[in-house]
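Here is how the chains run, residue by residue.
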Amino acid sequence: MNDILSLSKARKAKERAAKEAAATENRLKFGRSKAEKAKAKAEKSITEKMIDAHKRES
């Protein structure tokens, strides 16, 4: 015989698993590590300095 299965617990477990899968997908899609953020900030800073150096004074 099979074990008794609580339908509400099974439904909630299925919803938790779906939410966890969506969260994992979002972490891969949108998440960046601290090192990646720092690198992007440094590159942006260098780019802004180069642009400011080429501006004409008014």
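Residues numbered from 1 in each chain as written. Predicted model: local features only at pLDDT ≥ 70, side-chain atom pairs only at ≥ 80, totals over all residues. Heavy atoms only, no water.

A. Local environment of the overall build of the protein chain. Within the protein chain, the secondary structure is distributed over two helices and zero strands. Relative to its length of 58 residues, the protein chain is extended, with a C-alpha radius of gyration of 25 Å against a globular reference of 10 Å. Taking the principal axes of the C-alpha coordinates as reference, the protein chain spans close to 85 × 20 × 10 Å. Counting every position in the protein chain, which comprises 58 residues, the buried fraction comes to 0%. Here the protein chain displays about 6,200 Å² of accessible surface, and carbon together with sulfur accounts for 57% of that area. Computing the positive centroid from 17 side-chain charges and the negative centroid from 9, the protein chain places the two 5 Å apart. (Helix = DSSP H or I, 4+ residues; strand = E, 2+ residues; numbered from the N terminus. Rg over C-alpha atoms; globule rule 2.2 N^0.38 Å. Buried < 20%, exposed > 50% of the residue type's maximum accessible area, 1.4 Å probe, protein only. Areas by Shrake-Rupley, 256 points an atom, 1.4 Å probe, with all protein chains shown as cover. Lys, Arg positive; Asp, Glu negative; His and termini not counted. Charge placed at Lys NZ, Arg CZ, Asp CG, Glu CD.)

B. Local environment of the environment of K29. Relative to the helices and strands, K29 resides in helix α1 (residues 7–30). Residue K29 is classed as exposed on the basis of its relative accessible area, which comes to 53%. Separated by 12 residues in the primary sequence, K29 and K41 have C-alpha atoms spaced 19 Å apart.

C. Here's a closer look at the pattern of salt bridges. In the structure shown here, the tally under the stated rule is four salt bridges. Here E25 and K29 are joined by a salt bridge, their closest N and O atoms 3.9 Å apart. With a gap of four residues between them, E25 and K29 both fall in helix α1, about one helical turn apart. Its salt-bridge partner being K55, residue D52 comes within 3.5 Å of it at the nearest N-O pair. (Salt bridge = Lys/Arg side-chain N within 4 Å of Asp/Glu carboxyl O.)

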